[in-house]
Number of protein chains: 2
Amino acid sequence: MQRRHFTRLTGAGFFGAALSGCAVAPAASARVISGGTRPSGPTSTLRIDGRRLEARMRELARFGANAAGGIDRVAFSQADLDARAWVRGLWTEAGLDTSTDVAGNLWGRRPGTDATAPPLMLGSHIDSVPGGGNFDGQVGSMGATEVAATLHAHEVQTRHPLDFVIFPNEEGGKTGSRALAGQVERMELDIVTASGHTIGEGLRRLGGDPARLAEARRNVGSVAAFLELHVEQGGVLDTDGVDIGVVEGIVGIKRWTVDVVGTTNHAGTTPMDRRSDALLAAARLVDAIHTTARSIPGRQVATVGRIAVEPGAPNVIPGRATLSLEIRDLSMEGIDTVFAAIARRAEAIGQETRTTLSFERFYTSGAAPTHPHIRDVVEMAATELGLSNRRMPSGAGHDAQSIAVFGPVGMIFVPSRDGVSHAPEEFTEPSDIENGANVLLQTLLTLDRSPPGGD
Amino acid sequence: MQRRHFTRLTGAGFFGAALSGCAVAPAASARVISGGTRPSGPTSTLRIDGRRLEARMRELARFGANAAGGIDRVAFSQADLDARAWVRGLWTEAGLDTSTDVAGNLWGRRPGTDATAPPLMLGSHIDSVPGGGNFDGQVGSMGATEVAATLHAHEVQTRHPLDFVIFPNEEGGKTGSRALAGQVERMELDIVTASGHTIGEGLRRLGGDPARLAEARRNVGSVAAFLELHVEQGGVLDTDGVDIGVVEGIVGIKRWTVDVVGTTNHAGTTPMDRRSDALLAAARLVDAIHTTARSIPGRQVATVGRIAVEPGAPNVIPGRATLSLEIRDLSMEGIDTVFAAIARRAEAIGQETRTTLSFERFYTSGAAPTHPHIRDVVEMAATELGLSNRRMPSGAGHDAQSIAVFGPVGMIFVPSRDGVSHAPEEFTEPSDIENGANVLLQTLLTLDRSPPGGD
């Protein structure tokens, strides 16, 4: 299990050979000064406290714990409020100046030496889906909290102010982070969430003020960088034994409804060569979607998750089939290229099956690439920590994609066992969480010296 | 429109050249003696009265007529009872001795010259599906009635007794004909039909006695032959411009539920090459079913009419797919051959998609081939009447398949416009119905001279 390689064991001595004239001090030192401008220089020897992090992951899991071993800490529930208060306490203990904005985002500010520098942001969410697990959002929230505690314990002084953040209602619509991007629509506030409260009511419960939501909006350039540590929610890192995923971005998504029209007919009296079978056409399209998405270079994915036929009896040739098509890619142009190839195949399938196939797009979510410089820094940090790593897209959505609207973002993935997510079985090894938090810390310190825009 | 060739116009003179030393008399003769043993000799010059037949088709259509131009003459409804009474009147007028058996079958007996000969049977059904059309069942019922009227008008004497029959509840389970085969289960009598009456109540409404249903059962050999004229309910004759279908039999049917098990997964975080997509496997199976059924010589048909996937969301790779498979063929071995080939393809699909596919059979209906001698006679009759004809399976079920359990059967198809059936748009040209009734008459007369068993 090479991936289970544990930095706590390989530890501080590992980088001795690589250290070369850079302002770092051993972890035992009382004060570590971050600084310098070298973008790809070696990382600090500072390490987070893996045991403390593991203990806090366990403590957080108590809020909203359910009998299945998972959590029901849906946004705006009492468990969510209690957990936020607990996090706020940890942050105060770590010397952060805490506050809640009008959008219910919980902030923890740590001043930098340069009061004019835009802040470096880091954080995630602590709300869960109903019947969720203990890692989605929580790894990033506790990882950031552990970074704050480590900086505090070692009295590290950064140039940039640091803004630690817990975004509310990620699972129910990324409300907190989208409010920062100015994307929350007035009507969304009336949506009833899994907590039983509307989003508007929920924000008030957190100390926000939905009537003043527009004030939460951040300007482009108002943040030096945002970093989010998160579990992969897929099985790539786990299966391939890779420690760290260097996220290239959150994929864009387009979804279509495909309508296939043939001719309903008696299955007994209609010879095979005289059919206009909508399901046959749909089946060939499903296969074509799969083979097309695989045949084009890239890591795009195309999925048919839903299908229905009419009339739907064993002895009737379906006259109509309706299916969904979803394509995801880091590039919206990539999505369009795959779709165009699929549409060409659909044309041919329609002709060979005597059916008509039409596509209607019903959903679009823009791709949010991470900043190339932050990718490089994450990759360097992981490598210098002795962690195997791989560049990869994030197929799922995250708060980081909202922040990407107004600033450079980066994401760090740690393995999800068997790729399971949004279920009590969701699991990430404590050693992987510790690895991720150390990459987060080192990335932060490097960006402090060398931010994306070079401010 | 070569198929629209109308025998009323080509008429009696057509066979002059073919007549050769056989006991026939011109239609103008008061008495036509059927007889002789030549199995493939020319037909009689006797013809049914197309205008009377057309008028009676229109009259029958009044019983249960609905606003859509079709009929709601469901079995056991008042319209069904009224129509039966009307038919009974026509039969009495045609000299038949009418009766109703315990299974609600309406009989019209016409004695033959040989009291020891088993009867020749002919007839069909007059009940419809809800919202049905005016031709399914009615063409055969009125065709047989027209044969009775023609024999009566021309005082034709047959050797075999003739049994005209209207079977009750064909559309709701072929109750009347299946009772003759001893196939009606006790529990079926409690099924509530579209009329609102149970089958048991319905049989009593027709004058039957469900408590004595077993008495309806006929022994093997108790009938010399059964003939049924019917609309094709498919589009082959209409599309290809063929006048008469020489039915080779009613196809057997087997139906399976196919269960495909893969792995439910996040459509965004699971790369294409790591999926175990149950819908992809199901789609390839649908295509394989179609291509396999077409690649094997024969006229078997294989249909997937139903499909469902779980969980069924656009952004989730389906972990499970369930579909129906139906195979029909004139030979049960033929069905098994096609199924075996499909099962082999399923095995390969399971391997290539990392899914498991399993089949569970839930329905079997035995094939009912028509008697080869009767096919020959039908074909000869059609040919000698100057009607284009083609041998073909019946993909739909008919009362004839019940009768095949205890005696030789034959069926004659006439075209269904555009293959439409079980709908108000169901239509067969009056000329085609007349052609069919003439083939029915000639086949009957030839079988009277030369029955299948040679009795």
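What counts and what doesn't
Residues numbered from 1 in each chain as written. Chains lettered and ligands numbered in written order. Predicted model: local features only at pLDDT ≥ 70, side-chain atom pairs only at ≥ 80, totals over all residues. Helix = DSSP H or I, 4+ residues; strand = E, 2+ residues; numbered from the N terminus. Rg over C-alpha atoms; globule rule 2.2 N^0.38 Å. Buried ≥ 20, exposed ≤ 12 C-beta atoms within 10 Å, placed from the backbone. Contact = placed C-beta atoms within 7 Å. Least-squares fit on C-alpha atoms with pLDDT ≥ 70 in both. Expected span 1.5 Å × (residues − 1). Domains from an automatic or database assignment. Nonpolar A, V, L, I, M, F, W, Y, C, P; charged D, E, K, R; others polar. Arc of directions from axis to C-beta. pLDDT = per-residue confidence, 0-100.

**Overview of the overall build of chain A**
Here comes step 1: Each helix and strand counted, chain A has 12 helices and 16 strands in total.
Here comes step 2: Compactness check: chain A gives a C-alpha radius of gyration of 24 Å against a globular reference of 23 Å for 455 residues, within 12% of the reference.
Here comes step 3: Out of the 455 residues in chain A, the part that is buried amounts to 56%.
Here comes step 4: Across chain A, every contact between residues at least 6 apart in sequence was considered, and the portion connecting residues at least 24 apart equals 79%.

**Remarks on the relation of the copies chain A and chain B**
Here comes step 1: Mapping chain A onto chain B calls for a screw motion: a turn of 180° about the axis and a shift of 0.0 Å along it, with 0.1 Å RMSD after fitting. Such a turn and shift between the copies fits a two-fold axis. Across chain A, the smallest distance between a C-alpha and the rotation axis is recorded for Ala283 of chain A, namely 2.1 Å.
Here comes step 2: Interface overlap between copies is the fraction of interface residues in one copy that are interface residues in the other; for chain A against chain B it reaches 100%, indicating a shared surface.

**Looking at helix H8 (residues 278-295) of chain B**
Here comes step 1: With 18 residues, H8 of chain B extends 25 Å between its outermost C-alpha atoms, agreeing within 8% with the 26 Å of an ideal straight helix rising 1.5 Å per residue.
Here comes step 2: For H8 of chain B, the buried fraction is high: 14 of the 18 residues fall into the buried class.

**Observations concerning the domain arrangement of chain A**
All names here are of chain A.
Here comes step 1: You can read the domains of chain A as domain 1 (2-250 + 368-449) and domain 2 (252-365).
Here comes step 2: Each of domain 1 and domain 2 has a C-alpha centre, and these two points are 39 Å apart.
Here comes step 3: In this assembly, 5 residues from domain 1 lie in contact with 4 residues from domain 2.
Here comes step 4: Here the side of domain 1 that touches domain 2 is composed, by residue class, of 2 nonpolar, 2 polar and 1 charged.

**A word on helix H3 (residues 78-93) of chain B**
Residues and elements named next belong to chain B.
Here comes step 1: If you check H3, its first and last C-alpha atoms are 23 Å apart, about what 16 residues at 1.5 Å a residue would give, namely 22 Å.
Here comes step 2: Taken together, the buried positions of H3 are occupied by Ala79, Asp80, Ala83, Arg84, Val87, Leu90 and Trp91. When H3 is viewed along its axis, its buried side chains cluster within an angular range of 130° and face the same direction. Turned more than 90 degrees off the buried face of H3, the exposed positions are Gln78, Ala85, Gly89, Thr92 and Glu93.
Here comes step 3: For H3, the secondary structure elements touched by its buried residues are helix H2 (50-60), strand S1 (97-100), strand S2 (106-110), helix H4 (138-153) and strand S4 (162-166).
Here comes step 4: Just downstream of H3 lies Gly95, where phi reads positive at about 85°.

**Quick notes on the confidence of the model for chain A**
Detailed reading of the predicted model is not advised wherever pLDDT is low.
Residues and elements named next belong to chain A.
Here comes step 1: With 90% of its residues at a pLDDT of 70 or more, chain A shows a mean pLDDT of 91.
Here comes step 2: This model gives residues 1-41 a pLDDT under 50, and the stretch forms 75 contacts once residues within four places in sequence are excluded.
Here comes step 3: Scoring of the predicted complex yields 0.84 for pTM and 0.84 for ipTM.

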